[in-house]
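An overview of the molecular structure
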Amino acid sequence: MAGDVQVKMTGRYLGRLFLLCMAGLCLSGCSFGSAKELEHPYSFAEHPFVTDQIPADSPETVPFFAGDLCVVSDEGVFQPEDVTSEAGILCSLSDQTVLYSKNGFERLYPASTTKIMTALLAVKYGNLDDTVVVTEDAVITEAGATLCGIKPGDTLTMRQLLYGLMLPSGNDAGAAIAVHMSQSVEGFAQLMNQEAARLGATGTHFVNPHGLHDADHYTTAYDLYLIFQEALKYPEFREVTQTSVYAADYRDKDGNPVNKTWEGGNWYLSGRTGTPEGLTVFSGKTGTTQAAGCCLVLGVRDDSGSEYISVIMKADNRKGLYDNMTNIISKIVN
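Thoughts on the packing of aromatic side chains
- Scanning the model with the defined rule gives seven aromatic pairs in all.
- Ring centres of Tyr-222 and Tyr-225 lie 5.5 Å apart, and the angle between their planes is 45 degrees; this geometry places the pair in the tilted category. Placement of both Tyr-222 and Tyr-225 in helix α7 (residues 221–231) is noted, with a separation of three residues, approximately one turn of the helix. Across this residue pair, the class does not change: Tyr-222 and Tyr-225 are buried.
- For the pair Trp-267 and Tyr-322, a centre-to-centre distance of 4.7 Å together with 10 degrees between the ring planes defines the contact as stacked. With Trp-267 in helix α9 (residues 267–270) and Tyr-322 in helix α10 (residues 318–329), this pair connects stretches of sequence that are 55 residues apart. Of the two residues, Trp-267 and Tyr-322, neither departs from the other in class, the shared state being buried.
- Taken together, the ring pairs connect Phe-105, Tyr-222 and Tyr-225 into an aromatic cluster.

Structural data, given as structure tokens:
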């Protein structure tokens, strides 16, 4: 499985990396045309030190493909005083403009927003109808870890695990998905990093599928935007992340029925926090650890149907997280 996925990921890696190197030269929202439109397109033939990394069937020149991405010039010019989180961005999916940026490329701990990548790999490369028997790897004993309550020997589908991953933010579900897809948590982390590289998320490194703290597990607000916008291309991801309550019926190790109700932690979707008038929250993922602070990645739609991604990283507390997020997404309608 890992080899198959790696083949799918390799072809566009260097082109995406070169794109991000050029991002600092661009204003927010700019994009490029094809290689044929460039006066001096980048040629791998002129740079033999990288040709051994290019698949044999790749074209000699690599076109820019930022037409569907926001490009952030993170100079801190739009930083209202009422946004107190360490980092945040707001990007339009409709016209690729950047409405807000603060420390978008600062490496920070993502906590459970990590699970966006885990869910992306599950819907993109996995089979949600697969039957999964939970292994001992799903036993998470770290204090404060969020769980969906599955146990070794339980039998669920990948689809059910995806709900357990994203609604109650089950670290145990993340481990179960990882082992099912890659035979180990470590192997799955390799897939996560390969996918991050393919998407151009060069400020990211994962070591686990759930986001429990590790000094070598980090990302950026911009990279979370890149990962989330890719995940939103899949209807299954949208369906799961717009759900606030899910009833899971599965079997334990002895074949007995288990019934659980999983609730999501997104305050906008649950109604605990009001959404600014003219906006609808349609997707998102929270994340909190002591080291990461409070984080939130959000999918928002305005009344015209235009969609946006907003990211907050390292807010001081839960209330501050939603205050910051509301202040940022209000820029869409103000």
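Some details on the pattern of salt bridges
- Applying the stated criterion across every chain, the model contains nine salt bridges.
- Note that Glu-230 and Arg-198 form a salt bridge whose closest N and O atoms lie 3.2 Å from each other. Of the two residues, Glu-230 is situated in helix α7 and Arg-198 in helix α6 (residues 185–199); the sequence distance between them amounts to 32 residues. Grouping residues by exposure puts Glu-230 and Arg-198 together as buried.
- The residue Asp-323 makes a salt bridge to Lys-319 at a minimum N-O spacing of 2.8 Å. Of the two residues, Asp-323 and Lys-319 are both situated in helix α10; the distance of four residues between them amounts to about one turn of the helix.
- By relative accessible area, Asp-323 is classed as partly exposed at 36%.
- Looking at Lys-319, the relative accessible area reads 57%, which means it is exposed.
- Put simply, Lys-124, Glu-195, Arg-198, Glu-230 and Lys-233 are held in one network by salt bridges that share partners.

A word on the sheet that holds strand β1 (residues 87–92)
- A sheet is described by the order of its strands in space; here five strands give the open sequence β2-β1-β9-β8-β7, paired in antiparallel fashion. The open sheet has two free edges, formed respectively by β2 (98–102) and β7 (279–289), since each of these has just one partner strand. For this sheet, the mean inter-axis angle between neighbouring strands, taken without regard to orientation, is 10 degrees.
- By the bridge criterion, 10 bridges tie β7 to strand β8 (residues 293–302) in an arrangement that is antiparallel. By the bridge assignment for β8, Leu-279 is matched with Asp-302.

Rules used in this analysis
- Residues numbered from 1 in each chain as written.
- Predicted model: local features only at pLDDT ≥ 70, side-chain atom pairs only at ≥ 80, totals over all residues.
- Heavy atoms only, no water.
- Phe/Tyr/Trp six-rings, centres within 6.5 Å; stacked < 30°, edge-to-face > 60°.
- Helix = DSSP H or I, 4+ residues; strand = E, 2+ residues; numbered from the N terminus.
- Buried < 20%, exposed > 50% of the residue type's maximum accessible area, 1.4 Å probe, protein only.
- Salt bridge = Lys/Arg side-chain N within 4 Å of Asp/Glu carboxyl O.
- Pairing = 2+ DSSP bridges.
- Axes fitted to C-alpha atoms, helices over the stretch in contact; angles between N-to-C directions.

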